[in-house]
Amino acid sequence: MPAYLDYAATTPLDERVLERMLPYLEQDFGNPSSIHAWGQRADWAVEEARERVADGLGCRPEEVIFTSGGSESDNLALRGAAFAARENRGANHLLISPVEHDAVSQTAIDLAARHAFELEWLPVDNLGRVDPDDLRKTIRSDTALISVIYGNNEIGTVNPIPELAAIARERGVTFHSDALQAPCQLPTRVGDLGVDLLSIGAHKFYGPKGVGVLFVRNGSQLLPIQTGGPQERGLRAGTHNVPLIVGLSVAHEIALARQETDASRFRMLRDLIIDEVLKRVPGARLTGHRVDRLPNNASFVIQGIDGNSLLAALDLAGFACSSGSACKTGDPEPSKVLLALGMETELALGSLRVTVGRQTTEAEVGEFLEALQEAVVGFRSPVADAS
Ligand SMILES: *Cc1c(COP(=O)(O)O)cnc(C)c1O
């Protein structure tokens, strides 16, 4: 029986979400910016969606900015806050964790390379955590922005966002967190997190692809990166994608309603995978924190195994996993996240990420473990070992 075990890359669309989207793909096609009845119906749907998301995040509706997804939310957060801080107070220093998704790290690198920002990578420990004391030591009066990922998409480690955000707040520096992996399994009330900017994206919580949210705390200084019409408080021009926005809001509501039940089921399956892999696969090592990790993420490095070949063998056997970030598939470069933990290149090339979701069953996990064991034995046959 084949099984999808790559829910960190993307999740299937919830049926109820699709149902609520359909009218806006069919008869209710109006442009929310138009003043006639068609436009009003569409506008009403967008504003209702905004309220639904605001309810879930514990913020005001006007603090919810709809975007085209996680990557755009991250770009708007980093570019928007960096350029605003430079314009308003001459701040030019960016503090970014080295274990970010490419949507954050490549944006920070671009801001440094093309726009003369000074980029400093925050230290992380070998589990991928930023220590609040290190932030206290590196933050400066000319720091424009701090960005630290919440639940790590590759290694699962959860960062102490409330502590980190409190330090930024004390010093008056804008704090962003990429929370793409969070909504189904970690608390995301923005008041409790204390962040100024938070990115989420619907396809990571059983919503449609191509739509996300950037939470922008009232009073945060942000410049638009996409100019044009006045949509989204002038921060993100362009006709609203009504069906996707409605879909995101419904998927978010469902994700929060079942967060506790989902998270505890994910945790049970994850722990089963971690325990069994460490027991059955010689040379396997857990990456990331054992306890403070995303409930659905089991990630490893396996000594002497090439991660991409292992993924191909598992795929042939019918199992979908990843070597880390989905964008890295087929790329022979080791994961930058694993290297940032201080891991040697050779070991980092043996990475395997297994992420579970709502459709995952214990039977699937059992069959996956068998297939994994068989694949690893195959790579370690006496012939392969003879060299
Ligand atoms: C998926 C993901 C992104 C990118 O989101 P898209 O909606 O696919 O652009 C960014 N950060 C993290 C942590 C992710 O998991």
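This text follows the structure it describes.
Residues numbered from 1 in each chain as written. Predicted model: local features only at pLDDT ≥ 70, side-chain atom pairs only at ≥ 80, totals over all residues. Heavy atoms only, no water.

**Description of the layout of surface pockets**
Phase 1: The space that makes up the second largest pocket amounts to roughly 210 Å³.
Phase 2: Around the second largest pocket, the lining is made up of 16 residues, and of these G172, V173, T174, D196 and S220 lie nearest the centre.
Phase 3: Among the elements that take part in the lining of the second largest pocket, helix 3 (residues 70–89) stands out by supplying five residues, more than any other.
Phase 4: Across the lining of the second largest pocket, the residue classes tally to five nonpolar, seven polar and four charged. (1 Å grid on protein atoms, 1.4 Å probe; cavity = no way out; pocket = protein on both sides within 12 Å on 5 of 7 lines; lining within 4 Å. Points joined across faces, edges and corners; volume = space filled by probe spheres on them. Helix = DSSP H or I, 4+ residues; strand = E, 2+ residues; numbered from the N terminus. Nonpolar A, V, L, I, M, F, W, Y, C, P; charged D, E, K, R; others polar.)

**Points about the pattern of salt bridges**
Between side chains of opposite charge, a pair can form as their charged atoms come close.
Phase 1: All chains considered together, the criterion is met by 26 salt bridges.
Phase 2: Residue R358 is joined to D262 by a salt bridge in which the shortest nitrogen-to-oxygen separation is 3.0 Å. Within this pair, whereas R358 is found in the loop between strand 12 (351–355) and helix 13 (362–379), its partner D262 is found in helix 9 (residues 259–280), the two being separated by 96 residues in sequence.
Phase 3: With a relative accessible area of 4%, D262 lands in the buried category. (Salt bridge = Lys/Arg side-chain N within 4 Å of Asp/Glu carboxyl O. Buried < 20%, exposed > 50% of the residue type's maximum accessible area, 1.4 Å probe, protein only.)

**Points about empty space enclosed by the protein**
Phase 1: Enumeration over the complete set of coordinates arrives at two cavities of 30 Å³ or more.
Phase 2: In this structure, the largest cavity occupies an estimated 70 Å³ of space.
Phase 3: Lining the largest cavity, in full, are Y7, A8, T11, Q181, C184, Q185, K204, Y206, F266, N296, V356 and G357.
Phase 4: Grouping the amino acids of the lining of the largest cavity by side-chain chemistry returns six nonpolar, five polar and one charged.
Phase 5: Space inside the second largest cavity adds up to approximately 40 Å³.

**So, the site of the ligand**
Phase 1: Taken together, the residues surrounding the ligand are G69, G70, S71, D74, H101, I149, N153, D178, L180, Q181, H203 and K204.
Phase 2: The contact in question runs from an oxygen atom of the ligand to an N or O atom on the backbone of G70, over 2.8 Å.
Phase 3: At a separation of 2.6 Å, a nitrogen atom of the ligand approaches a polar side-chain atom of D178.
Phase 4: About the coverage of the ligand: the protein hides 86% of its 390 Å² of free accessible area.
Phase 5: With three residues, the single largest contributor to the shell around the ligand is helix 3.
Phase 6: Grouping the amino acids of the shell around the ligand by side-chain chemistry returns two nonpolar, seven polar and three charged. (Near = heavy atom within 4 Å. Polar contact = N/O pair within 3.5 Å; in protein donor to acceptor, adjacent residues only side chain to side chain. Areas by Shrake-Rupley, 256 points an atom, 1.4 Å probe, with all protein chains shown as cover.)

**A closer look at the sheet that holds strand 9 (residues 284–286)**
Phase 1: Spatial ordering of the open sheet is given by 9-10-12, a layout of three strands whose pairing is antiparallel. The open sheet is flanked by strand 9 and strand 12, the only strands paired with a single partner. Direction aside, neighbouring strands of the sheet carry axes that sit 30° apart on average.
Phase 2: Of the pairings in the sheet, the one linking strand 9 to strand 10 (residues 297–302) comprises three bridges and is antiparallel in character. Within the sheet, the bridge partner assigned to L286 lies in strand 10 and is F300.
Phase 3: In the packing of helix 9 onto the sheet, the strands contacted are strand 9, strand 10 and strand 12, and the crossing angle to strand 10 comes to about 15°. (Pairing = 2+ DSSP bridges. Axes fitted to C-alpha atoms, helices over the stretch in contact; angles between N-to-C directions. Contact = heavy atoms within 4.5 Å.)

**Digging into the nonpolar core**
Phase 1: Among the nonpolar cores identified, the biggest contains 94 residues, and I146 and L352 are the most heavily contacted of them.
Phase 2: Examining the composition of this core, we find that nine residues originate from one element, helix 8 (residues 242–257), more than from any other.
Phase 3: With near-sequence residues (within four places) excluded, I146 lies in contact with L95, L122, L135, I139, A168, V173, T174, F175 and H176.
Phase 4: Counting 21 residues, the second largest nonpolar core, distinct from the first, contains I65, A82, F117 and L197. (Core = buried A, V, L, I, M, F, W, Y, C linked by side-chain atoms within 4.5 Å.)

**As for helix 13**
The α-helix advances 3.6 residues per turn, and as a result positions three or four apart in sequence lie on the same side.
Phase 1: Here helix 13 is 18 residues long and its end C-alpha atoms lie 26 Å apart, about the 26 Å a rise of 1.5 Å per residue gives.
Phase 2: Among the residues of helix 13, those classed as buried are E364, V365, F368, L369, A371, L372, A375 and V376. (Expected span 1.5 Å × (residues − 1).)

**Some remarks on the pairing of strand 5 (residues 143–147)**
Phase 1: Along strand 5, five of the five residues are buried, which leaves the element largely enclosed by surrounding structure.
Phase 2: Pairing analysis gives four bridges linking strand 3 (residues 93–96) to strand 5, with the strands arranged parallel. The partner of L94 across the bridge, within strand 5, is L145.
Phase 3: As paired elements, strand 5 and strand 6 (residues 174–178) share three bridges and run parallel to each other. Bridge pairing links S147 to H176 in strand 6.
Phase 4: The parallel pair strand 5 and strand 6 is bridged by helix 6 (residues 161–170), and the resulting crossover is right-handed. (Right-handed = clockwise from strand over helix to strand, strands pointing away.)

**Side note on the sheet that holds strand 7 (residues 197–201)**
Phase 1: The seven strands are arranged 2-8-7-6-5-3-4 in an open sheet whose pairing can be described as mixed. Each edge of the sheet is formed by a strand with only one pairing partner; in this case those strands are strand 2 (64–67) and strand 4 (118–121). Strand-to-strand twist of the sheet, defined as the mean angle between neighbouring strand axes without regard to direction, takes the value 20°.
Phase 2: Taken strand by strand, helix 4 (residues 102–115) contacts strand 3, strand 4, strand 5 and strand 6, and its axis lies near 145° from that of strand 4.

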